[in-house]
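Here are the chains, one letter per residue:
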Amino acid sequence: MGNNGEGRDPALVQSVDRAVTVLELLARNGEAGITEIAAELGVHKSSASRLVYTLQARELVEQDGERGPFRIGLGMRRFAGAVSGPIDYVRVGGPVCVDLADRLGETVNIAVLDGDVALNVSQARGGSAVAAQNWVGQRTPLHATSSGKVLLAAASDSEQDRLLAGELVACAPRTITDPGRLRRVLRRTAEDGFATCMEELEAGLHAVAVPVFGAGGDVVAAISAAGPAYRLSQTRMPEIVEELRVASRDLSIRMGHAVA
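This one's a predicted model, so the numbers in the text were calculated from it and none came from an experiment.

*Asks:* Which residues make up the overall build of the chain, and what values do they have?
*Replies:* Secondary structure summary: the chain contains nine helices and eight strands in total. Of the roughly 13,400 Å² of accessible surface on the chain, 51% is carried by carbon and sulfur atoms.

Here is the structure:
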């Protein structure tokens, strides 16, 4: 029988923890240099370099040129299996999120459908973002988020029936919990090409999302912008929707999808 780690060198556990921290940093920010990685780990740059170059040797991270920043490597596909799509959005979507977040000043996320929830796979925070919440890797309810509504609206009637079969839990006072009302919202989302979330996930938080299209024209992801209600107002929504649509097209092209 195993010893559940007892008697093992604690440094081995620490090194694994640090490696995962590096991968999480790159997934969150899109890319990072040795100085930034060392600061995140709280170690000297030489220690960070050895760790990162080990990950690079296994193709888990890759470098932009000889002196450029590091990013998630294609070797991660070995572990991705059926979720290789989200890995692509982490690697390819990171720069798109960063660019859009810089332009809007808000938090930008990419989410994909994962079973009956939305899985947030990439995030960037703009200069005006006030919340420090890291949504990467978080699973959020479809009915209470703008990205979730976009993904739901793209589903077939039978798939919607399946996804909405359970209780619509109230995450905040304004969460839509009535199935009939939600279906009307989803029909409007499909017609308008975007979805909003007005304090439905958290009090004081607004968000808007648009679909990301795959090569066959199917919706494969959603890209959203979120911020405080006082700044992400109804009057600002049309401007943000247009920015999101530009980013969605850019992301589709970077992913190799045909875009009309």
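So, next bit.
*Asks:* So what's going on with the sheet that holds strand S8 (residues 219-228)? Which residues, and what values?
*Replies:* Strand pairing in a sheet is mediated by backbone hydrogen bonds. Such pairs are either parallel or antiparallel. Within the open sheet, the six strands sit side by side as S5-S4-S3-S8-S7-S6. Their pairing is antiparallel. Two strands bound the open sheet, and with one partner strand each, they are strand S5 (139-141) and strand S6 (195-198). Averaged over all pairs of adjacent strands, the angle between strand axes in this sheet comes to 30°, irrespective of strand direction. Bridge analysis of strand S3 (residues 107-114) against S8 gives five bridges, and the strand direction is antiparallel. Bridging across to S8, Asn-109 finds its partner in Ser-224. Here helix H6 (residues 146-153) sits on the sheet in contact with S3, strand S4 (117-125), S6, strand S7 (205-213) and S8, set at roughly 155° to S8. With respect to the sheet, helix H9 (residues 237-254) is in contact with S3, S6, S7 and S8, its orientation differing from that of S7 by roughly 35°.

*Asks:* How would you explain the packing of helix H2 (residues 34-41) against helix H3 (residues 45-57) if you had to name every residue and give the values?
*Replies:* Packing of H2 against H3 leaves a shortest axis separation of 9 Å and a crossing angle of 105°. Classified by the interaxial angle, the pair formed by H2 and H3 is roughly perpendicular. In contact with Ile-34, Thr-35, Ile-37, Ala-38 and Leu-41 of H2, H3 contributes Lys-45, Ala-48, Ser-49, Leu-51 and Val-52. Of the residues that constitute the contact of H2 with H3, the class distribution is seven nonpolar, two polar and one charged.

*Asks:* Could you give an account of the pattern of salt bridges, naming the residues involved and the relevant values?
*Replies:* Opposite charge on two side chains makes pairing possible when the charged atoms of those side chains draw close. Using the criterion set out here, one finds 13 salt bridges in the structure. Of the charged contacts in the structure, one is a salt bridge between Glu-200 and Lys-149, with a shortest N-O distance of 2.6 Å. Here the residue Glu-200 occupies a position in the loop between S6 and S7, and Lys-149 occupies one in helix H6, the gap between them amounting to 51 residues. The partner of Arg-245 in a salt bridge is Glu-242, with the nearest N and O atoms 3.1 Å apart. Residue Arg-245 and its partner Glu-242 are located together in helix H9, separated by three residues, close to a single helical turn. On the basis of relative accessibility, which here comes to 44%, the residue Glu-242 falls in the partly exposed class.

*Asks:* If you had to explain the environment of Leu-251 to someone new, which residues and values would you point to?
*Replies:* With respect to the helices and strands, the residue Leu-251 is situated in helix H9. Expressed as a C-alpha distance, the spacing of Leu-251 and Cys-97, which sit 154 residues apart in the sequence, is 9.2 Å. Those residues in contact with Leu-251 that lie beyond four places of it in its chain are Tyr-89, Val-92, Gly-93, Val-96, Ile-110 and Val-212.

*Asks:* Lay out the confidence of the model for the chain with the relevant residues and their values.
*Replies:* The pLDDT averaged across the chain works out to 84; a share of 86% of its residues lies at or above 70. When the elements of the chain are averaged for pLDDT, helix H4 (residues 77-80) gives the smallest value, 56, and H6 the largest, 96. Predicted confidence for residues 1-8 stays below pLDDT 50, and this span has one contact to residues more than four positions away or in other chains. Low pLDDT (under 50) marks residues 80-84, which in the prediction has two contacts with non-local residues, meaning those over four places away or in another chain.

*Asks:* Residues and numbers for H3, please.
*Replies:* Note: α-helices contain 3.6 residues per turn, so residues at a spacing of three or four share the same orientation. A rise of 1.5 Å per residue sets the reference length of H3, with its 13 residues, at 18 Å; its end C-alpha atoms lie 18 Å apart and thus fit the reference within 8%. Every buried residue belonging to H3 is among Ala-48, Ser-49, Leu-51, Val-52 and Leu-55, and all of these are buried.

*Asks:* Could you give me a rundown of a positive patch on the surface, with the residues and numbers involved?
*Replies:* A grouping of Arg-181, Arg-184, Arg-187 and Arg-188 is seen on the molecular surface, where their side chains present a positively charged patch. In this fold, Arg-188 is placed in helix H8 (residues 179-192). Classification of Arg-188 as partly exposed rests on a relative accessible area of 46%.

*Asks:* How would you explain the packing of H6 against H8 if you had to name every residue and give the values?
*Replies:* The relative placement of two packed helices comes down to the angle between their axes together with the axis-to-axis distance. Look at H6 against H8: their axes get within 9 Å of each other, and the N-to-C directions meet at 80°. The angle between the axes of H6 and H8 places the two elements in the roughly perpendicular class. Judged by residue contacts, Lys-149, Val-150, Leu-152 and Ala-153 of H6 engage Val-185, Leu-186, Thr-189 and Ala-190 from H8. A class-by-class count of the residues in the contact of H6 with H8 yields six nonpolar, one polar and one charged.

Scoring rules and cut-offs
- Residues numbered from 1 in each chain as written.
- Predicted model: local features only at pLDDT ≥ 70, side-chain atom pairs only at ≥ 80, totals over all residues.
- Heavy atoms only, no water.
- Helix = DSSP H or I, 4+ residues; strand = E, 2+ residues; numbered from the N terminus.
- Areas by Shrake-Rupley, 256 points an atom, 1.4 Å probe, with all protein chains shown as cover.
- Pairing = 2+ DSSP bridges.
- Axes fitted to C-alpha atoms, helices over the stretch in contact; angles between N-to-C directions.
- Contact = heavy atoms within 4.5 Å.
- Parallel < 35°, antiparallel > 145°, perpendicular 65-115°, else oblique.
- Nonpolar A, V, L, I, M, F, W, Y, C, P; charged D, E, K, R; others polar.
- Salt bridge = Lys/Arg side-chain N within 4 Å of Asp/Glu carboxyl O.
- Buried < 20%, exposed > 50% of the residue type's maximum accessible area, 1.4 Å probe, protein only.
- pLDDT = per-residue confidence, 0-100.
- Expected span 1.5 Å × (residues − 1).
- Patch = residues over 30% accessible without salt bridge, like charges linked within 9 Å, V, L, I, M, F, W, Y side chains within 5 Å.
- Lys, Arg positive; Asp, Glu negative; His and termini not counted.
- Charge placed at Lys NZ, Arg CZ, Asp CG, Glu CD.

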